[in-house]
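Coordinates in review
Okay, here's what each chain looks like letter by letter:
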Amino acid sequence: MRVVSSALLLLFMVTVSTVSNACETSASICTTNKPGSFVLVRGEQSTSIFVESSADPAVQRVAKDFVSDIERVSGVNARSVSTVQQAKGNLVIIGVLGQSATIDDLVKRGLLDVKAISGQWEAFQRVVIDRPYSNVAKALVIVGSDRRGAIYGTYDLSEQMGVSPWHWFADVPVQKHKNLFITAGSYHDAPKVKFRGFFINDEDPSFKTWAIQHFGGVNAKMYEHVFELLLRLKANYMWPAMWGKAFNDDDPQNMIVADQMGIVMGTSHHEPMMRAQEEWHRNMDKGITGGKWDYTSNAENLRAFWRGGIERMMSKGNGQAYDSLVTVGMRGDGDEAMAEGTATNLLEKIVTDQRRLIEEVTNKPANKTPQVWALYKEVQDYYDHGMKVPDDVTLLFADDNWGQIRRLPVDDVNRAGGYGVYYHFDYVGAPRNYKWLNTNQIEKTWQQMDLAYARGARALWIVNVGDIKPMEFPISFFMKQAWNPEMMTPSALKKYPEEWSKQTFGSAQAAAIADLVTRYSKFAARRKPELIDADTFMIGSLKGEVLDGGEFGLLVDDWKKLEQDMLKVKSALSHDQLAAYLQLVEYPIAAMSNLYQLFYNVALNRRLAASKDSRANFFADAAEKAFRRDQELSDSYHQVNGGKWSGMMLQIHMGYRS
């Protein structure tokens, strides 16, 4: 008779259009040529795209992406023109108000009214204009109040056409259309939360292994895809991967590419002054800095180290800074609390000294450089006990690492720097970690972030997403809510899974897939997979011919039924949808179902073996089969799309102890 050992467990169709609703909105994509519409693509003909050669690199890039997106959707090459005079017929004009002579001329001539976006943060406006030039019958003008406004106004159309923000990062197939039109009129929009982004964290071994295999490292070539994903999600801010990594030091092109694409860079809650913690240790090895990460005994070296971070931020030239949001404050080395009993006075002095460094390097008052102070873990305790924070610094509250925001603004909601929230979809730390699969319910995320917005936390929302994959669904929701929390009503929340499924997989199976991801999130949130073992749930009586699986058996039945329903939907999908389906739906469900079955069989095996019941052998075999299947499922993920995601599913999730 065999008992499963603890050692073993310690090893490790055609898509349907989603643009019909947009047909009812001005200056939006429609597949029907309504009166006054702008023809983007009809048959084999496409319009021309114009962006000035003097435009910001981020705007020039999005214009090129828009040309590519049109071809992805329609198969027709849109023509880029370098001057308005080269256009024939219709013309798309992309630019920034006050930075584009062409757009400013349209405003001056009374053809473009931009009062709705002028002076706003990241606002965009799309307008269809008749006969703006003698050689142009109609123009679609995409104008941003700033460069990211122009980017969002353009990518918003790409998404409406059928190019998912996850078209690269999850292989979501592009929805095809032969004809694309822009409805007449004008449309404008702007974000309600100023900074919106994510933190790539706890990224070893998965994200790091994947990046090394496919890009040679966590470098600019890899980050280019991450930045595009952020912008297509209408996000603008990122904390980079930091486990043994240094964003600016590992590849000097990282910060350059981020700035050229329009991403605001920061550093995590415990990495002040645009410096990665890893740089401190590297510089110590090189003899550049020395001593402990301790301001009471090593302030001079720390100030020199921090000055270097701000100097690098200002190295763009002509007194300009790379687009950044500077983290201030300090925690202990390795994201630990500082020495027990650290006085709030010390932290206040540290921030005062950091702001003095900022002033010295930038030659501007400190309040002219955007800053954030993360009140994470014990730092919030200092704040609660009276620690003073400069009014212009954004105060970043945090959740408890498990989805409950610890505190929110009470009194001064109008302080200049405002407030934000650091939230977790992934976590490494005491008492236990969770980072293998998505275990987050968007309903819980909505409740917490809706409360945060209502209480005045509107300056910054950032979420820890681990390896990015497989958090695609909650990331999409988080960024959607962050763009406009007021529009994410309970009704919109209820509809979101089906809307996401329709955008990702088309209309035919949208309702069924929405049900799958919703049930998955509910089941996965019951207990993090890293916290499950053979003793987690109760089993019933095992005497007699009929075995009672108890609570554990009922949970296993839930997962088996979900997996069966998932496979049924899979059988109805087209071939080009299968790669995305495996990543977004199939693998998470199958892997979690298998994990439950593995430990359930171990529990039955051990209980029966204890009473010398020979049926224990059957469950030993079943447990070992499930253990092998876990590896097979990971292998299938790594092999999808020619091995594109090889290395991404390596997180430990059985027998986790730390």
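Above this text sits the structure in question.
Below is a summary of the structure that appears in this document.

Re helix 11 (residues 344-362)
Here helix 11 contains 19 residues, and its C-alpha end-to-end distance of 27 Å stays within 8% of the 27 Å for a straight helix at 1.5 Å per residue. Regarding helix 11, the residues found buried are Leu-347, Ile-350, Val-351, Asp-353, Gln-354, Arg-355, Leu-357, Ile-358, Val-361 and Thr-362. Contacts from the buried residues of helix 11 go to helix 10 (295-313), strand 14 (326-328), strand 15 (371-374) and helix 12 (378-384). Positive backbone phi, at 60°, marks Asn-363, one or two positions downstream of helix 11.

Points about the packing of helix 5 (residues 206-215) against helix 6 (residues 220-232)
In the contact formed by helix 5 and helix 6, the axes pass within 9 Å of each other and the chain directions differ by 115°. Every residue of helix 6 that contacts helix 5 at Phe-207, Trp-210, Ala-211 and Phe-215 is listed here: Lys-221, Met-222 and His-225. A per-class count over the contact of helix 5 with helix 6 returns five nonpolar, one polar and one charged.

Observations concerning the pattern of salt bridges
Going through the model one piece at a time under the given rule, you end up with 44 salt bridges. The residue Arg-147 makes a salt bridge to Asp-56 at a minimum N-O spacing of 3.1 Å. Note that Arg-147 is positioned in helix 4 (residues 147-161) and Asp-56 in the loop between strand 4 (48-50) and helix 2 (57-74), a separation of 91 residues in sequence. Asp-56 gets classed as partly exposed once you look at its relative accessible area, which sits at 22%. The shortest N-O distance in the salt bridge between Lys-570 and Glu-586 comes to 2.9 Å. Note that Lys-570 is positioned in helix 17 (residues 550-570) and Glu-586 in helix 18 (residues 578-610), a separation of 16 residues in sequence. Taken together, the shared-partner salt bridges in this structure form one network comprising Asp-56, Glu-122, Arg-147, Arg-148, Arg-196, Asp-259, Lys-316 and Asp-323.

Details of the state of the cysteines
Enumeration according to the criterion identifies one disulfide in this entry. Residue pairing for Cys-23: its cysteine sulfur links by disulfide to Cys-30, the two sulfurs lying 2.1 Å apart. Here the disulfide of Cys-23 and Cys-30 is right-handed, its torsion about the S-S bond being about 100°. Assigned by exposure class, Cys-23 and Cys-30 land together as buried.

What counts, and where the lines are drawn
- Residues numbered from 1 in each chain as written.
- Predicted model: local features only at pLDDT ≥ 70, side-chain atom pairs only at ≥ 80, totals over all residues.
- Heavy atoms only, no water.
- Helix = DSSP H or I, 4+ residues; strand = E, 2+ residues; numbered from the N terminus.
- Expected span 1.5 Å × (residues − 1).
- Buried < 20%, exposed > 50% of the residue type's maximum accessible area, 1.4 Å probe, protein only.
- Contact = heavy atoms within 4.5 Å.
- Axes fitted to C-alpha atoms, helices over the stretch in contact; angles between N-to-C directions.
- Nonpolar A, V, L, I, M, F, W, Y, C, P; charged D, E, K, R; others polar.
- Salt bridge = Lys/Arg side-chain N within 4 Å of Asp/Glu carboxyl O.
- Disulfide = S-S within 2.5 Å.

It is worth stressing that arrangement in space is one thing and function is another; only the former is reported here.
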